[in-house]
Structures are given as C-alpha cells and as structure tokens.
Amino acid sequence: VDMKKKLLLVLLSFLLVSCVASRPSFTLDSYPIVDGSTVTIPLSEAICAALTEKTLEEVRPYIVHNKTHTAYLNLIDKKADLIFVTSPSADELKYASDHGVDMVVVPVVAEAFVFLTHASNPVDNLTMKQIQDIYTGKITHWNQVGGEDLEIIAYQRPVNSGSQTGFLELVMKGLTPMVAPTTQVIADMGGLIDVVASYDYQSTGIGYSYYYFVTDMWGNENVKLLKVDGVYPDETSITAKTYPINTAYYAVYRSDEKKNGDVRRIVDWLLSDQGQRLAKDAGYVKVR
C-alpha cells in the first residue's frame, strides 16, 4: 500500500460514471493500441468489435495481448495506449515510478480468485487459513484438511504473472510462500489447470487461477473449483461479494491521457449500462 502511495498510483472508482455514456466510434485504424492479459482477450475483442461495428473475426487480428507483465511494460513505455489486466505487481509499480509514469487503474469487470484441485479429490472446501498454511508449507498432506493421506503438490505461477500477483496480494497478504520446485511453477494458466487435472497426479495437486479463465476459457472436466470459507465461486457469489477472494479486471492507462480523449471515452463507455451488458454477454461478471 505504501509503495502504491509513493508511486502515485491512481486507483479510481469510476462507478459513478453516467449510465448513458455515449458510445465512441472508431475505425480499425483509429482504434487505440490495446494490450492486456490472456484472460481479458475476449473482453478486448468484444469492445473493439462493438466500437468499430465489426465482427469478432474481423477485429481479432488487431487485438494482440502480450500477457500481463509485458502489457504493463508496453503501457509504461508508450507502446500501448490502454491495457486490460489484473492489478499491477510491485515490480510493475517500480518500473512505472522509475519512468515517471502515473497509471490510472479502473475496475471494469468483477472477478474472483479461485483454487482448483482434481475432480476426484474428496476435499471440496478450504479455509483461507488452510490455503495460506498449504502454501507456506505448514500443511503438507490432504488428510490434514479432510482428504486422503496424499502429499499436497501446491502449484504456483511465475513472478509478475497476473495470477501470481493476485495470489500474493489477495491470498498470502504479506506471508511468504514456500519456494516451489521448478516443476511446480507453471508458465501459463492453462498449463496449470491441465497439470492439476492430470491423471498421473490424481487428487494430489492444488492450483489457482481466475474464475473466468477456468470456467469460460479453459474448461477441464478433471478439475473442480474449491469453496473457500464455505462459499463456492460462481456468478451469484462473485456479484454479491459473498465469495471471500474478490477482485476485478482493470482498464489501465497513463494519467496523461487527454480528459476527453479516446482512451478515457472507451473506459467510460465500458462502465455504462451498455458497456457492462457487453461485458456480461462476453461471459464476464459486471462490476456494477
């Protein structure tokens, strides 16, 4: 929090934006340069299609997301105008500060950070404390949390990936996770889901991701989402914020963007009723 204050990160609640914000209009050539995380590609494509009056197939070649960390670097280096991402990591905030860039970070769709295990695992609920104890190495076997006498293989993501940043900020909250062997640090979100689902590991693995990615982008019948503190993550619990690990996807841009410029107009429209309906139709949970 102190770092964010020192770096003048502007985390704005844009929920008071007019519900009737006018829809901006672009050609594919005039559309701002957009980047972002893997999980926000469908959102980015849907927005571009709506604002250029093109089909998803027509806009898809113009929407290139280079994953969360690279997207932040591209925004700070002025190689992108707008990015759709998870929250910035400490390294990304420092990079922005070192380059004299202040970022405006606007929540545009609601999301939940979820934990998953093999579908055959009898455990279907963990407390937040149990999750923290698993990832700090205090809990090592599933029978310590009501499961079988099997070692827990706790998968992680690389530093500065969107889900690793979310894991550290939303779950560990200052606790230091155990150093994972290289084989347990999975490069991409889809790979993490697949390794947890792998028959070879049966019900021993646990991993994490974002709700939308698991349910809409990378379904795998051999994994299941876990309840956290007794609450299952679904659209109802995410919208009502009864699921305990709530977060968002953010539209992020440089603070020197013009007040009535294209980038700010896109974000304002996305927060309007029309924009939020588009996000819901793309499979995301509305932020307001």
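Structure first, text after, so check above.
Reading guide: rules and limits
Residues numbered from 1 in each chain as written. Predicted model: local features only at pLDDT ≥ 70, side-chain atom pairs only at ≥ 80, totals over all residues. Heavy atoms only, no water. Helix = DSSP H or I, 4+ residues; strand = E, 2+ residues; numbered from the N terminus. Rg over C-alpha atoms; globule rule 2.2 N^0.38 Å. Buried < 20%, exposed > 50% of the residue type's maximum accessible area, 1.4 Å probe, protein only. Contact = heavy atoms within 4.5 Å. Areas by Shrake-Rupley, 256 points an atom, 1.4 Å probe, with all protein chains shown as cover. Lys, Arg positive; Asp, Glu negative; His and termini not counted. Charge placed at Lys NZ, Arg CZ, Asp CG, Glu CD. Phe/Tyr/Trp six-rings, centres within 6.5 Å; stacked < 30°, edge-to-face > 60°. Pairing = 2+ DSSP bridges. Salt bridge = Lys/Arg side-chain N within 4 Å of Asp/Glu carboxyl O. Core = buried A, V, L, I, M, F, W, Y, C linked by side-chain atoms within 4.5 Å. Axes fitted to C-alpha atoms, helices over the stretch in contact; angles between N-to-C directions. Parallel < 35°, antiparallel > 145°, perpendicular 65-115°, else oblique. Nonpolar A, V, L, I, M, F, W, Y, C, P; charged D, E, K, R; others polar.

Looking only at helices and strands, the protein chain features twelve helices and eleven strands. The C-alpha atoms of the protein chain give 19 Å as radius of gyration, which agrees with the globular expectation for 288 residues (19 Å, within 12%). Its C-alpha atoms give the protein chain principal-axis dimensions of roughly 60 × 40 × 35 Å. Buried residues in the protein chain amount to 52% of all 288 residues. Pairs at least 24 apart in sequence give 75% of the contacts found in the protein chain among residues at least 6 apart. As presented, the protein chain carries roughly 13,000 Å² of accessible surface, and 52% of it is formed by carbon and sulfur atoms. The positive charge centre, built from 26 side chains, and the negative charge centre, built from 34, are 7 Å apart in the protein chain.

Okay, the packing of aromatic side chains next. Tallied over the entire structure, the rule returns 13 aromatic pairs. A centroid spacing of 5.7 Å and a plane angle of 55° characterise the contact between Y210 and Y249, whose relative ring orientation is tilted. Linking Y210 in strand β7 (residues 205-210) with Y249 in strand β10 (residues 246-254), this pair joins segments that are 39 residues apart in sequence. Accessibility assignment for this pair places Y210 and Y249 in one class, buried. Taking the centre distance of 3.8 Å and the plane angle of 15° together, the rings of Y212 and Y284 count as stacked.

For the rest of this paragraph, the subject is the side chain of T86. Locating T86 in the fold gives a position in the loop between β3 (82-85) and α5 (90-98). What T86 contacts, discounting residues up to four positions off in sequence, is T68, Y72, G162, Y210, Y249 and Y250.

Take the pairing of β10 next. Counting buried positions along β10 gives eight out of nine residues, so the element sits mostly inside the fold. Alignment of β3 against β10, held across three bridges, turns out to be antiparallel. Its bridge partner being in β10, F84 is matched across the sheet by A251.

A complete count under the given rule lists ten salt bridges for this structure. Linking E53 and R23 is a salt bridge whose minimum nitrogen-to-oxygen distance equals 3.2 Å. Highlighted residues: E53 in the loop between α2 (41-52) and α3 (56-59) and R23 in the loop between β1 (10-11) and β2 (34-36), separated in sequence by 30 residues. Judged by relative accessible area, E53 falls into the exposed class, the value being 62%. In this structure, R254 engages D256 in a salt bridge whose closest nitrogen and oxygen atoms are separated by 3.8 Å. Through salt bridges with shared partners, one network takes in K78, D81, R254, D256 and E257.

A positive phi angle, close to 55°, is found at D229, a residue other than glycine. Here D229 shows up in the loop between β9 (227-228) and α10 (235-240). In this structure D229 comes out as partly exposed when scored by relative accessible area, which is 42%. Notably, K241 is not glycine yet its phi reads approximately 60°, a positive angle. As for its placement among the helices and strands, K241 is situated in the loop between α10 and β10.

Another point: the nonpolar core. I47, F115, Y135 and I206 are the most contacted members of the largest nonpolar core, which has 77 residues in total. In terms of residue count, strand β4 (residues 103-118) provides more of this core than any other element does, ten residues in total. If sequence neighbours within four positions are ignored, F115 has contacts with I131, Y135, F167, V171, I206, G207, Y208, K224, L225, L226, Y243 and I245. The next biggest cluster of nonpolar side chains, apart from the first, holds 15 residues, and it includes Y72, L75, I76 and L93.

This part covers the packing of helix α4 (residues 68-76) against α5. One can describe the packing of α4 onto α5 by two numbers: an axis separation of 10 Å at closest approach and a directional angle of 10°. Of the possible angle classes, the one that applies to α4 and α5 is roughly parallel. Contact residues: T68, H69, Y72, L73 and I76 in α4; E92, Y95 and A96 in α5. Of the residues contributing to the contact of α4 with α5, the split by class is five nonpolar, two polar and one charged.

Burial runs high along β7: six of the six residues are buried. Side chains G205, G207 and S209 of β7 all project onto a buried face; the interleaved residues I206, Y208 and Y210 project onto the opposite face, where all are buried too. Note that strand β6 (residues 153-154) and β7 share two bridges and pair parallel. Opposite A154, over in β7, you have I206 as the bridge partner.

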